[in-house]
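Chain residues, written in single-letter form:
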Amino acid sequence: MERPSELRGDEPHHSRALLRASLNGHLLPHGKGADTKLTLSVPFRDDYRKICGAKEVTNLNSDQTKAYVVRRNQTKFWRETLRLVRNTMRLRSTYEENICLRQGGYNQLTSDG
């Protein structure tokens, strides 16, 4: 199945920037609507303009005999986002120490083998 020409990367830069800035619609209050449900076949899975803000996306396989569903959950999104920020800050705060530890133990970690 051939993909339509509008899905071949002709998306304007400002549209892609909005998708990135809104974290694929998670930061938009209601996205396309609180109850938007989409069903996508294989050629259309990477059309982020269609799925941005959707509450539920059903992805079909090439034969359209099997599918999997992806649901957007704001609670899980914020929990994982805060976890990512916390872990990043922890790594950043110990970065210099980790560099020194790695450089100090480099000979012990490697061998002449």
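This section reports on the structure supplied with the text. (Residues numbered from 1 in each chain as written. Predicted model: local features only at pLDDT ≥ 70, side-chain atom pairs only at ≥ 80, totals over all residues. Heavy atoms only, no water.)

### Topic: the packing of aromatic side chains
Right, on to step 1. Counting across every chain of the model gives one aromatic pair.
Right, on to step 2. Here the aromatic rings of Phe-77 and Trp-78 are separated by 5.0 Å at their centres, their planes lie at 75°, and the arrangement is edge-to-face. (Phe/Tyr/Trp six-rings, centres within 6.5 Å; stacked < 30°, edge-to-face > 60°.)

### Structural notes on the side chain of Ser-41
Right, on to step 1. Position of Ser-41 among the secondary structure elements: in the loop between strand S1 (37-40) and helix H2 (48-51).
Right, on to step 2. Setting aside chain neighbours within four positions, we find Ser-41 in contact with Leu-60 and Gln-64. (Helix = DSSP H or I, 4+ residues; strand = E, 2+ residues; numbered from the N terminus. Contact = heavy atoms within 4.5 Å.)

### What about helix H3 (residues 74-93)?
Given 3.6 residues to a turn, an α-helix orients residues that are three or four positions apart in the same direction.
Right, on to step 1. The end-to-end C-alpha distance of H3 is 28 Å, a good match for the 28 Å that 20 residues give at a rise of 1.5 Å each.
Right, on to step 2. Among the residues of H3, the N-terminal cap falls to Asn-73, whose side-chain oxygen and the backbone nitrogen of Thr-75 are separated by 2.9 Å. (Expected span 1.5 Å × (residues − 1). Polar contact = N/O pair within 3.5 Å; in protein donor to acceptor, adjacent residues only side chain to side chain.)

### A few points about the nonpolar core
Right, on to step 1. Residues Leu-40, Phe-44, Ile-51, Ala-54 and Val-57 constitute the largest nonpolar core, which totals five residues.
Right, on to step 2. Aside from chain neighbours lying at most four places away, what touches Leu-40 is Arg-45, Lys-50, Ile-51, Val-57, Thr-58, Asn-59 and Leu-60. (Core = buried A, V, L, I, M, F, W, Y, C linked by side-chain atoms within 4.5 Å. Buried < 20%, exposed > 50% of the residue type's maximum accessible area, 1.4 Å probe, protein only.)

### Quick notes on the sheet that holds S1
Right, on to step 1. In space, the three strands of this open sheet follow the order S1-S2-S3, with mixed pairing throughout. Sheet topology places S1 and strand S3 (67-71) at the edges, where each strand pairs with a single neighbour. The mean inter-strand angle of the sheet, taken between neighbouring strand axes irrespective of direction, is 15°.
Right, on to step 2. Sheet topology places strand S2 (residues 56-60) next to S3; five bridges connect them, and they run antiparallel. The residue bridging Glu-56 from the neighbouring strand is Arg-71, located in S3. (Pairing = 2+ DSSP bridges. Axes fitted to C-alpha atoms, helices over the stretch in contact; angles between N-to-C directions.)

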